[in-house]
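Reading the structure
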Amino acid sequence: MTSGAGRAPRLLVVQLTRMGDIAMTLPLLARAKETWPGAEITLLHLAEFGATARLARGADRLVAAPIADLAAIEAGGPALADVVGRLRDGGPYDLAVNLTHDAVGAAIVGAVETRQIAGQAPGFVAGELRVLGDYAKYLFSLVSDRRGNLFNLADIQIGMAGALHGPVGRLLDVSEERREEARRLLAARGARPGATVVALQLGAAQRHRAWPPDRYAAAARLVAKRRPDVQWAIGGAPEERDLAAEFASSFGGDAIDLVGATDVPGLAALLGEVALLVSNDTGPIHLAAAAGAKTVGLYFCTAWFSETGPYGAGHWIIQPTPTCAPCLSDTMCAARRCRDMAPPELVASVVLRALGEDLAPLPAPADVAVLSSRFLADGTLAYEPRAGESGWYLRAAVQRHGWRRFLGLDGDRAYESAWRPFADDAIYREWRNGVTKLRAHFEDGLAAANGVDDLYAAGAPRPDDVVALSRRLIEIGRAAHGDGATAPIVSRFAELEMNDIPLVDHPDLAREMARRYRRLAALCRVLLA
């Protein structure tokens, strides 16, 4: 991000989603401040989640938009003009990062005055969108092969802003007064002096991601046998009281009831006081990581560790890895069978490990992985398997190694040496073959586009010659799309790259296509190196 002469850079971050998404945005704010000291950062957020936004370290200015206005903002007119007018205070931005991956965010970044946009933006044709920036294109491509991605969402967002990656500390501004209130609340609700308080978040915004309360209770009983000093604190929103009641009925022991007991700043303060949070993939686990608490995440169904694992070192995740995982909301099985794949014995063992117990190797049933997080030498976060089958991870790791080179990251030699796939792995070979085919198509596209440019450079070209090469370019595009099934992230990235070509005629169109095909061929060479 570059700024206008004589002033600090100005960054706009558009994040019109929920608590957990705002918490996952906080590393971007912190790293932007580290990269550009003195930068002025504006965070546009949903008014309904203003309590979370107000805790954010790194945001110099907050602008709120209510959920009820989003449809009107997308449509343009007075609602869009209002939010853009409030964002305009202070002059133009140097970069607008759209982390709201829909037409609403695109409308806003398209209407605000900014030198550069990262993320979705208005397309060249009315009603269409395009994706700007390599990190953003990678983000929109990984949905086609979520198991093939090992970059954390927060690291992708940091890359979208062009900030330097690196470890982060506490990301929330929680006053000492609120921390003292949290300590008093724990004591008033029955926390024993000297107890090791472990919090449980039984619910989730998407209930299909939640592990059943009776299984939480079974794991808690197993932990108590080895660590009688542990006292459980049950959190959650008031509408999740049924889950707390089911846990209490099954657990039968002493627990601290905190359901509905705090507002968001109070929750952040509480999470900063506990020894550990055990949670499904939902807002509080990301708030806990931002508050500096350690976590154990239970990730099921649509949740996947590498995308939304809590950001920071020392976190643990239990992730079932059947071939159908991670699923999408419209492909989820009715049985939610992956939630039954994580036994309470495994969860208890991981909780004890997170509490510092020196245990024997973790038990790992088939199709379940246990992973822990650390920062790599290049400043990005990685979750690495500590137990369970890891062949799928090896295949994803080689993609990560290639993409980090393409994205300009330095890498981590020890990590990359530890996680390399077996050369005789059939799925790995299939992926390499797919990338090799795509490289050949991209090189053919480069040659055809250069051919069109050469025709114009030589003088007035014959229309038939231009038409023939143009048809060849169309055929190459179709062939690349057809051969992309075994390397879907690369294939989708290529589509987004070509969709970003402006509406121009030959020879400018041919030159733009040549530039894109040259980049795509280089990407494939990097991935295959």
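Refer to the preceding data block for the structure.
Residues numbered from 1 in each chain as written. Predicted model: local features only at pLDDT ≥ 70, side-chain atom pairs only at ≥ 80, totals over all residues. Heavy atoms only, no water.

Ranked by size, the top nonpolar core spans 140 residues in total, and within it Leu44, Ile108, Trp403, Phe442 and Val490 carry the most contacts. Among the nonpolar cores identified, the runner-up in size contains 41 residues, and Val198, Ile234, Met341 and Val351 belong to it. (Core = buried A, V, L, I, M, F, W, Y, C linked by side-chain atoms within 4.5 Å. Buried < 20%, exposed > 50% of the residue type's maximum accessible area, 1.4 Å probe, protein only.)

This brings us to the pattern of salt bridges. Scanning all chains against the criterion turns up 39 salt bridges. In this structure, Arg10 engages Glu40 in a salt bridge whose closest nitrogen and oxygen atoms are separated by 3.1 Å. Taken together, the positions of Arg10 in strand S1 (residues 10-15) and Glu40 in strand S2 (residues 40-46) put the pair 30 residues apart, joining distant regions of the chain. A relative accessible area of 30% places Glu40 in the partly exposed class. The salt bridge involving Arg374 is made with Glu384; its shortest N-O contact spans 2.5 Å. A residue pair is termed long-range when its members are at least 10 positions apart, and Arg374 in strand S13 (residues 368-375) and Glu384 in strand S14 (residues 381-387) qualify at 10 residues. Salt bridges linked by common partners bring Arg130, Asp134, Lys137, Glu497, Asp500, Glu512, Arg515, Arg516 and Arg519 together as one network. (Salt bridge = Lys/Arg side-chain N within 4 Å of Asp/Glu carboxyl O. Helix = DSSP H or I, 4+ residues; strand = E, 2+ residues; numbered from the N terminus.)

Along the chain, the position of Trp36 falls in the loop between helix H1 (19-35) and S2. Considered as a pair, Trp36 and Ala68 are 32 residues apart in the sequence and their alpha carbons are 35 Å apart.

A contiguous nonpolar surface patch, about 270 Å² in accessible area, is contributed by Phe124, Val125 and Leu503. Tracing the chain through its elements places Val125 in the loop between strand S5 (117-122) and strand S6 (129-132). (Patch = residues over 30% accessible without salt bridge, like charges linked within 9 Å, V, L, I, M, F, W, Y side chains within 5 Å. Areas by Shrake-Rupley, 256 points an atom, 1.4 Å probe, with all protein chains shown as cover.)

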